[in-house]
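# What the coordinates show
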Amino acid sequence: MKKFLVLLFFMMAGLAIQSKAQTVYASSKGEKYHTADCKLSGDADSMTLAAAKKAGKTSCGVCKPDEHLKDKMVQCSGKTADGTQCKRQTASKDGKCFQHKSK
Ligand SMILES: [Zn+2]
Ligand SMILES: [Zn+2]
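First, a word on scope: everything that follows refers to the structure included in this document.

About the thresholds
- Residues numbered from 1 in each chain as written.
- Chains lettered and ligands numbered in written order.
- Predicted model: local features only at pLDDT ≥ 70, side-chain atom pairs only at ≥ 80, totals over all residues.
- Helix = DSSP H or I, 4+ residues; strand = E, 2+ residues; numbered from the N terminus.
- Buried ≥ 20, exposed ≤ 12 C-beta atoms within 10 Å, placed from the backbone.
- Contact = placed C-beta atoms within 7 Å.
- Pairing = 2+ DSSP bridges.
- Core = buried A, V, L, I, M, F, W, Y, C linked by C-beta atoms within 7 Å.

### Description of the overall build of the protein
When helices and strands are tallied, the protein shows 3 helices and 6 strands. Mapped in sequence order, the helices and strands of the protein form the string α-β-β-β-α-β-α-β-β. Counting every position in the protein, which comprises 103 residues, the buried fraction comes to 25%. A separation threshold of at least 6 residues defines the contact pool for the protein, and within that pool the share at least 24 residues apart is 42%.

### Brief notes about the pairing of strand 1 (residues 23-26)
Alternating residues of strand 1 divide into T23 and Y25 and V24 and A26, and every residue in both groups is buried. Pairing analysis gives 4 bridges linking strand 1 to strand 3 (residues 45-48), with the strands arranged antiparallel. When the bridges of strand 3 are listed, A26 appears paired with D45.

### A word on the nonpolar core
Counting residues in hydrophobic clusters, the biggest one holds 12 residues: V24, Y25, A26, Y33, A36, C38, A44, A52, C60, C63, C76 and C97. Once you skip the residues sitting within four places of it in the chain, A26 turns out to touch K32, Y33, H34, A44, D45, M47, A52 and K57.

### Points about unusual backbone geometry
Glycine aside, residues mostly have negative phi angles, and peptide bonds mostly take the trans form. Phi is positive for K64, close to 45°, though the residue is something other than glycine. With respect to the helices and strands, K64 occurs in the loop between strand 4 (58-59) and helix 3 (65-68).

### Some points on the environment of A52
Assignment of secondary structure puts A52 in helix 2 (residues 49-54). Here A52 falls in the buried class, since 25 other C-beta atoms lie within 10 Å of it. Spatially, the C-alpha atoms of A52 and S27 are 9.8 Å apart, while their sequence positions differ by 25 residues. Beyond its immediate chain neighbours, meaning those up to four positions away, A52 contacts V24, A26, Y33, M47 and K57.

Here it is, written out as structure tokens:
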């Protein structure tokens, strides 16, 4: 029984990581979805890759989200104006999205 619970935990953890890695950014009017680091994502909302595809959006040719999503995405370590942690996902090495990375 205990082994079963451990196995279940790892399955749940695996699912959580997988869904987190598939966050893309798209505005409601846009036809493309983007990574958090893309200049063109602008004020786009985060959504799951599945939701973006369901809405008929295609991957951006500039940031190539489909390729980026293979990389490990982490939550941006930057802080927003109100002092909370930035909610954007990023695959950049310094762990910060395009808004927070040092220039
Ligand atoms: Zn893009
Ligand atoms: Zn950020």
